[in-house]
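Observations on the three-dimensional arrangement
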Amino acid sequence: VGDNCIDRYLHPVNRTSVGGNAVNVAVAMARLGIKSAYVGAVGDDPDGKRVLETLKAEGIDISHLRVAKGKTAYTDIALQDGNRVIVQEQMGVMETFQLDQALLDFVSGFDLAHNTLLGQTWRHLRALKERHVIVSFDFSDRANEAFLDETLPYVDIAFHSLPEVSLEVAKAFAQKVFAAGPQLIVITMGA
């Protein structure tokens, strides 16, 4: 549930691909033979059509993917010292995407719901957890105390990005997150 975009890799890569954290998880699951759906929004532009066609080709259920008037999200990405660096993000129609009751009911029919910070689903984590859905959430690099306190009790699998910290700091952060509820914590640390 959440973000989709066109990843636009800048020079010297010079290529585009359908991406976004939630889309990538749906595709990975489908490729492993797990029934998978994607819930989000694309624009009524050529990029939106590309996202729809790509997900269909991957066998993803897109019955609840909304097409809205406007532009599909995109991300400009550069490579620096082996790391992906986001140069610019435009959320397009995902900026106003919200889970409504129909979408929440659909998502609740799955065993696991992977959510993302950019997908604006954090307000619904409690409802998903109360419906006995395994909740996975990618916090990206957002580690502010209030946000973590509000969300972590409803998350089973937490993803965090902590570039440029020591292994000891990452381990201490993982222990703090674990104590708040998630039973699996994945921390990426840049290169």
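Because the structure is a prediction, the values reported are computed rather than measured. (Residues numbered from 1 in each chain as written. Predicted model: local features only at pLDDT ≥ 70, side-chain atom pairs only at ≥ 80, totals over all residues. Heavy atoms only, no water.)

Points about the sheet that holds strand 8 (residues 134-138)
Pairing within the open sheet is parallel, and its four strands lie in the order 7-8-9-10. Only two strands of the sheet have a single neighbouring strand rather than two, namely strand 7 (112-116) and strand 10 (184-188). Between one strand axis and the next, the sheet turns by 15 degrees as a mean value, whatever way the strands run. Taken strand by strand, helix 6 (residues 167-179) contacts strand 9 (157-161) and strand 10, and its axis lies near 150 degrees from that of strand 10. (Pairing = 2+ DSSP bridges. Helix = DSSP H or I, 4+ residues; strand = E, 2+ residues; numbered from the N terminus. Axes fitted to C-alpha atoms, helices over the stretch in contact; angles between N-to-C directions. Contact = heavy atoms within 4.5 Å.)

So, the sheet that holds strand 2 (residues 15-19)
Strands sit in the order 2-1-5-6 across an open sheet of four strands; the sheet is mixed. Looking at which strands have only one partner, the edges of the open sheet turn out to be strand 2 and strand 6 (83-90). Neighbour-to-neighbour, the strand axes of this sheet turn through a mean angle of 30 degrees, independent of strand direction. Summarising the sheet, strand 5 (residues 74-80) and strand 6 pair through seven bridges and their orientation is antiparallel.

Observations concerning the nonpolar core
Grouped burial of nonpolar side chains is what soluble globular proteins tend to show. By size, the foremost hydrophobic cluster in this structure holds 46 residues, and its most contacted members are Y38, V39, L55, I60 and F139. Within the residue set of this core, elements represented by two or more residues are helix 1 (21-31), strand 3 (41-43), helix 2 (46-57), helix 3 (101-107), helix 4 (125-130), strand 8, helix 5 (145-151) and helix 6. Sort the elements by how many residues they give to this core and helix 1 lands first, with five residues. If we ignore the near neighbours within four places in the chain, the residues touching I60 are A26, V27, A30, S36, A37, Y38 and L55. (Core = buried A, V, L, I, M, F, W, Y, C linked by side-chain atoms within 4.5 Å. Buried < 20%, exposed > 50% of the residue type's maximum accessible area, 1.4 Å probe, protein only.)

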